[in-house]
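Residue-level structure breakdown
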Amino acid sequence: MLFLIYWELNEDIDAMARLQAAEKLTAAGLFPPQNVEILRFDTTPDLWGVTLVEAGDVEGVSNVINSWRIACPGIFKSTKISPARPVQEAMEAAAELIKKLS
């Protein structure tokens, strides 16, 4: 199942602390978490970004964010996680509902 994670970094956490957290997580084999495939991991110059993952359960998806929180407390200003699907699939499902309800 696809999950989309939106995150905003806390500007009060310096770049070196974020880099050290990344090194710690990768060295420990915690990023990416087991049973999670990272399809996209994108950032912007304004310190927010999105991560698109495929995972079989919520625990793996939660570990994507929680591992960063543990490795670098306060790293995020905000996060949002939601199941996701391609727009084409959503449009097809909506069209089927419309047909059934018309």
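In what follows, the accompanying structure is described. Going along each chain's sequence as written, the residues are numbered from 1 onward. pLDDT decides what is reported in this predicted model: residues at 70 or higher carry local features, side-chain atom pairs at 80 or more are listed and counted, and totals for whole chains, interfaces and linings draw on all residues regardless. With hydrogens and water excluded, all non-hydrogen atoms of the structure serve as input to the side-chain values.

1. A short note on the pattern of salt bridges
The term salt bridge refers to a pairing of a side-chain nitrogen on Lys or Arg with a carboxyl oxygen on Asp or Glu at a separation within 4 Å. Enumeration according to the criterion identifies three salt bridges in this entry. Here Glu8 and Lys77 are joined by a salt bridge, their closest N and O atoms 3.9 Å apart. Of this pair, Glu8 sits in strand S1 (residues 2-9) while Lys77 sits in strand S4 (residues 76-84); the two residues are 69 residues apart in sequence, bridging distant segments of the chain. For the exposure calls, accessible area comes from a 1.4 Å probe over protein chains only, and a residue counts as buried if that area is under 20% of its type's maximum, exposed if over 50%, partly exposed in between. The exposure class assigned to Glu8 is partly exposed, which follows from its relative accessible area of 22%. In this description a helix means any DSSP run of H or I spanning at least four residues, a strand means any run of E spanning at least two, and both kinds are numbered starting from the N terminus.

2. Thoughts on the nonpolar core
The term nonpolar core refers to a set of buried residues drawn from Ala, Val, Leu, Ile, Met, Phe, Trp, Tyr and Cys, joined through side-chain atoms within 4.5 Å. Formed by 19 residues in total, the largest nonpolar core has its most connected members in Ile5, Val53, Val61, Trp68, Ile75 and Phe76. Mapped by element, the contributors of at least two residues to this core are S1, helix H1 (15-27), strand S3 (48-55) and helix H2 (58-71). Of all the elements, H2 adds the most residues to this core, at five residues. Every residue pair with non-hydrogen atoms within 4.5 Å of one another is taken to be in contact. Sequence-distant contacts of Ile5, defined by excluding residues within four places in its chain, comprise Gly49, Val50, Thr51, Val53, Val61, Val64, Ile65, Lys80 and Ile81.

3. Re the pairing of S1
With burial as the criterion, only one face of S1 is covered, namely that bearing Phe3, Ile5, Trp7 and Leu9; the residues Leu2, Leu4, Tyr6 and Glu8 on the opposite face remain uncovered. By the bridge criterion, seven bridges tie S1 to S3 in an arrangement that is antiparallel. Bridged to Ile5 within S3 is Thr51. Here, a strand pair is defined by DSSP locating no fewer than two bridges between the strands. Strand direction decides the pairing type here: S1 and S4, joined by eight bridges, are antiparallel. Following the sheet pairing, Leu4 is matched in S4 by Ser82.

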